[in-house]
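Observations on chain architecture
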Amino acid sequence: MPTNSMPLEPKTCRMYVSTAMDGTWDLVSSFRCSHYGMSLRRVLVLDGGVSERLAELVTEACGRGLHPQLWSAALLHPRGIPGAPAEAIQTVHHEFLQAGADIITTVGYQATVPGFKSAGLAQDDEEAAALVRSSIEEASRAVEDYLQKAPSKAPADGKSVAGEGAGRHPILAHAENVGPVYAASFGSYGAFLHDGSEYRGTYDITNDALKEHHKRTLDALLGGDTSNHSVIVAFETVPVLREAIVLAEIMREWYPSTPFWISFQCGAEAKTAAGNTLADCCDALMRICGPDASPLDATSGVTKHCAEFLGVGVNCCSPQDALHAVAALRSVLPPTLEVVVYPNSGEVFCGVKKTWQLPADAGDVQQRSIVEWAVEYAHAGATIIGGCCRVSPGDIAAIRDALTPQRDTGDQGGNAS
């Protein structure tokens, strides 16, 4: 896979490692870290702008854009975008897998039951729910096809691999040591409204109604299987704390076995689009999902935490804002939780010209490549790094090259160079 940037020399990077003896955490400095009997949690690479790449393929094939309401999710229906390539989703998933993504995301960001029905692509709830679930089926098929052709990273003797003792969830340990996995992209309420409110967080809806909306989509996505533990749900572009709390409460009450992360749409100063500090967001989520969670039922005093809560992140924001966010998240989250970051390329969409371009006031900082930013995120403590809008398979390949430890075969001490 061609890249649009030369890989950067791995430099000093904060990484958490867990000693095999007592399970405590320490910081080590270097991408290329000696094991010294310790398991290393390496950075996992997420995919990039899946929908942006799909839009390019659709435009090349039929001159159309993506669906105005469902965006790339419309491609889950054979008539969703007339003239679109039948295997467009598979093509893009494979491009990111070939680029080296450890985790690919589904095209379900704007896939909802009412969305498919209102777009005329489903006649009833059952048909719409099947379309929502098909986003997982597409990603699963792509990963299975890729793994049949790609060599496994698992040791031939079947022994434990590095990372399994580092407190990482089994699915993520698999991504780190065996082969790629997939995460179900789950959009915020603003994504469903398709009015840009995911960048504001000003929803005209009660918390109860918001919970009902998201619960309905989750039931469709997971088939109502409350014991599902094989699919990561990636709640994305969440602009306001109250929506994150609703999502966390749904997972704790109905899907406590399903791994998930919550990613915020953030602005400057490590705040959500609605102005909540990320520190406050983490504190609230830990009280719901953490090991010291508050009681699920205040009357009975029954406490139930989400053992499958993977971490917190930011996405669909500027690279510079993302860096501040990563530092803020890492400073307040326990090291057992992932810090996820997947910003836009740094370009902004011009509504007049209908093109992406760098801001008019872009300085040297804003003109850094997404690869340079990725290295900065690793320095700041991010553990899952990818991209959102305008981040291509080539960008992800370059990020993977920059973040992959390079071993010195002449080192007899077992140290990474």
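Cut-offs applied
Residues numbered from 1 in each chain as written. Predicted model: local features only at pLDDT ≥ 70, side-chain atom pairs only at ≥ 80, totals over all residues. Heavy atoms only, no water. Phe/Tyr/Trp six-rings, centres within 6.5 Å; stacked < 30°, edge-to-face > 60°. Helix = DSSP H or I, 4+ residues; strand = E, 2+ residues; numbered from the N terminus. Buried < 20%, exposed > 50% of the residue type's maximum accessible area, 1.4 Å probe, protein only. Pairing = 2+ DSSP bridges. pLDDT = per-residue confidence, 0-100. Contact = heavy atoms within 4.5 Å. 1 Å grid on protein atoms, 1.4 Å probe; cavity = no way out; pocket = protein on both sides within 12 Å on 5 of 7 lines; lining within 4 Å. Points joined across faces, edges and corners; volume = space filled by probe spheres on them. Nonpolar A, V, L, I, M, F, W, Y, C, P; charged D, E, K, R; others polar.

A short note on the packing of aromatic side chains
Enumeration over the complete set of coordinates arrives at eight aromatic pairs. A centroid spacing of 6.4 Å and a plane angle of 65° characterise the contact between Trp71 and Tyr109, whose relative ring orientation is edge-to-face. You can see Trp71 sitting in the loop between helix H1 (50-62) and helix H2 (88-99) and its partner Tyr109 sitting in the loop between strand S5 (103-105) and helix H3 (113-118), a full 38 residues away along the chain. A relative accessible area of 15% means that Tyr109 is categorised as buried.

Description of unusual backbone geometry
Phi is positive for His194, close to 55°, though the residue is something other than glycine. Along the chain, His194 turns up in the loop between helix H6 (189-193) and helix H7 (207-222). The backbone of Cys316 shows a phi angle near 55°, a positive value even though the residue is not glycine. By secondary structure assignment, the location of Cys316 is in the loop between strand S9 (309-315) and helix H10 (319-332). Note on Cys316: relative accessible area 6%, which makes it buried.

Some details on the pairing of strand S7 (residues 232-238)
The buried fraction of S7 amounts to seven of the seven residues, a majority that puts the element mostly inside the structure. As paired strands, S7 and strand S8 (residues 260-264) are joined by four bridges and run parallel to one another. When the sheet's bridge partners are listed, Val238 is paired in S8 with Phe264.

Focus on the confidence of the model for the chain
Detailed reading of predicted coordinates is not advised where the pLDDT is low. In the predicted model, the chain carries a mean pLDDT of 82, and 76% of its residues have values of at least 70. Note on residues 1-39: pLDDT under 50 across the span, and 103 contacts to partners over four residues away in sequence or across chains. Contacts for the low-pLDDT stretch residues 406-417, under 50 throughout, to residues beyond four places or in other chains number 16 contacts.

Quick word on the environment of Leu323
Assignment of secondary structure puts Leu323 in helix H10. The buried category is assigned to Leu323, whose relative accessible area is 18%. Through-space distance from the C-alpha of Leu323 to that of Ala268 is 9.9 Å; in sequence the pair is 55 residues apart. Residue contacts for Leu323: discarding those within four places in its chain leaves Trp373, Glu376, Tyr377 and Ala380.

Quick notes on the layout of surface pockets
Of the voids in this model, the largest pocket is the one considered here, and its volume is about 1,000 Å³. Around the largest pocket, the lining is made up of 47 residues, and of these Glu52, Trp71, Cys316, Trp356 and Cys389 lie nearest the centre. Those elements giving two or more residues to the lining of the largest pocket turn out to be H1, S7, H10 and strand S11 (348-350). For the lining of the largest pocket, the element with the most residues is H1, which contributes four residues. Residue classes in the lining of the largest pocket are distributed as 21 nonpolar, 20 polar and six charged.

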